[in-house]
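Chain by chain, the residues run as shown.
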Amino acid sequence: MTFRIHVTGAAAEAVATVVPQLVADKVASGITALDPALWGPDAEAEASKRLGWTEAVAISRPLVAEIVALREELHAKGVDHIVLGGMGGSSLAPEVITRTAEAELTVLDSTDPGQVLAALRDRLEATAVVISSKSGSTLETDSQRRIYEKWFREAGIDPRERIVVVTDPGSPLDQSAREAGYRVFNADPNVGGRYSALTAFGLVPSGLAGVDISELLDEAEATLIELAVDNDANPGLVLGAAIAGTVPLKDKLGIVADGTHIVGFADWAEQLIAESTGKQGTGLLPVVLDKLAPELELKPADLQIVRLVANAEAHHLFPADRHEGEILVSGSLGAQLIVWEYAVAVAGRLLGINPFDQPDVEAAKVAARALLDNRPEPAAPAFTAGGIEVRTTGDFLGGASTLDAAVDALLAQLGPDGYVAVQAYVDRLALPQLAGVRDLLAAKAKRPVTFGWGPRFLHSTGQFHKGGPAVGVFLQITATAPEDLEIPDRPFTFGQLIQAQAAGDASVLGEHGRPVLTLTLTNPEADVVSLFEAVN
């Protein structure tokens, strides 16, 4: 099933207006020909080394046999549980690929000690770990590698038989992993992390987990010809125009899965869209919604709904006006991945930004490292309600002395075009119900609300939060971990690391003038009830 799209309303008007110009400018064939000039002179240097994703299908083909052979080798040794240590582009694609294929993959994209311990305690004797990092210097994945090495050795297992590394050639991790004797897969260095779904970063963990990755590449390949041609039916041009060409710009994209066979696609698309476009004060904010999300009833004027359906061509079967003004898309997972990559690159051209850099991501990392190096005492809370400590970045609390008053004070900072970002730096395995805060806040604020598990969103929407339009307000949820975990040969623990990441991000948001309300759950499971009451 190749990619299909149906547009109405403002999106249809954008397609009719914008696509002919994109065709005349030969944008589609230019992307396929790796033309770095398509995004202007300021972006040319970066774009010249970031267009390898257009060739990923061909470049990745030789990897398939190697990955399958390694999977069979591991199975022969009784190793059939795959853990992925990765962040952002290194973890989000394998997550959607394996979930859609119903293959088991433990995605460890957190520094929360409870979540790390849960992975370590799960079938260690039958586990192989894929450590994925493009730069090879990502702090989270370095910490995950160190702790797995320790636990493997203590269990009498040679880490060299169980740790597989995916990284760019020549990276610090590439060199150290080869010296240590680990199996290394190199990815194409001319592909940015969020565009890497069809490279070794997406394929190695997915293939080891049992996915038919050859079929995934076939699905993408079947769409490549359509994407390369400069005509009005090109799905990459149509989707790019629909999401970034509306006048006025609908700069918030509500992504809804409704009948599609693909599981978790919006979480992958969230990073691709937000990190690629959220810069220079502009951008498209992806908002992951379920079918009953309040925003679908509220229908704010600046929210464009994108609905993943089973068959976008069967739009005439939907009740009249049910999906009027929405963008309907359908297709195989491989097709969706490659079409959205083209579309977001097109969106970058329409928005006048470089879709391949992430200039504001590093700031939060630097702030977190500074806090880890110095480890100051945490600031005293403004007040404590029950077991929840309340802190702010920015002076907006006023006389608030209750949780609900603090939440109301944060929402009072929302403008008519604003959004709320919920950032949960907690163990998402122990507290999955926290995601329910999103819908409650959306109903209360009557504005789009995003939800991100920390620290993984720092490698995703974190770019948009600082570089996009300055209209967001931020609710941070942190927790006191019931059990901490030391990181081998590091002067800090996992618990201290995640606390520094939350505090560092809050400080950078504050420097950008964004209001942040931080609620720390000192007794997480008990405090969740109070939190829900406050946002209801």
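Up top is the structure these notes are about.
The rules we used
- Residues numbered from 1 in each chain as written.
- Predicted model: local features only at pLDDT ≥ 70, side-chain atom pairs only at ≥ 80, totals over all residues.
- Heavy atoms only, no water.
- Buried < 20%, exposed > 50% of the residue type's maximum accessible area, 1.4 Å probe, protein only.
- Helix = DSSP H or I, 4+ residues; strand = E, 2+ residues; numbered from the N terminus.
- Axes fitted to C-alpha atoms, helices over the stretch in contact; angles between N-to-C directions.
- Parallel < 35°, antiparallel > 145°, perpendicular 65-115°, else oblique.
- Left-handed = near helix turned anticlockwise from the far one by under 90°.
- Contact = heavy atoms within 4.5 Å.
- Nonpolar A, V, L, I, M, F, W, Y, C, P; charged D, E, K, R; others polar.
- Pairing = 2+ DSSP bridges.

## Side note on helix H5 (residues 92–101)
- With eight of 10 residues buried, H5 lies mostly within the body of the structure.
- Turning to H5, its buried residues number three or more, namely Leu92, Ala93, Pro94, Glu95, Val96, Ile97, Thr98 and Thr100.
- A positive backbone phi angle near 60° is found at Glu102, which sits one or two residues after H5.

## Regarding the packing of helix H6 (residues 113–120) against helix H7 (residues 139–154)
- Look at H6 against H7: their axes get within 11 Å of each other, and the N-to-C directions meet at 40°. As far as their axial angle goes, H7 and H6 are oblique. Read as a crossing pair, H6 and H7 show a hand that is right-handed. Contacts between H6 and H7 involve Val116, Leu117, Ala119 and Leu120 on the former and, on the latter, Ile147, Tyr148 and Trp151.
- Grouping the amino acids of the contact of H6 with H7 by side-chain chemistry returns seven nonpolar, no polar and no charged.

## As for the sheet that holds strand S4 (residues 127–133)
- Strand order in the open sheet formed by five strands is S3-S2-S4-S5-S6, with parallel pairing between adjacent strands. One side of each edge strand has no neighbouring strand; the edge strands of this open sheet are strand S3 (106–108) and strand S6 (183–186). Mean inter-strand twist for the sheet, computed between neighbouring axes without regard to direction, equals 20°.
- Alignment of S4 against strand S5 (residues 163–167), held across five bridges, turns out to be parallel. Residue Ser132 lies in a different strand from S5, and its bridge partner there is Val166.

## Considerations on the sheet that holds strand S8 (residues 285–289)
- Reading across the sheet, the five strands line up as S1-S10-S9-S7-S8 and stay open at both edges, with mixed pairing between neighbours. Edge positions in the open sheet fall to strand S1 (4–7) and S8, since each of these has one partner strand only. Here the strands of the sheet are splayed against their neighbours by 20° on average, with no regard to which way each runs.
- Where strand S7 (residues 252–257) and strand S9 (residues 303–308) come together, six bridges link them in parallel fashion. Across the sheet, the residue bridging to Lys252 is Leu303, located in S9.

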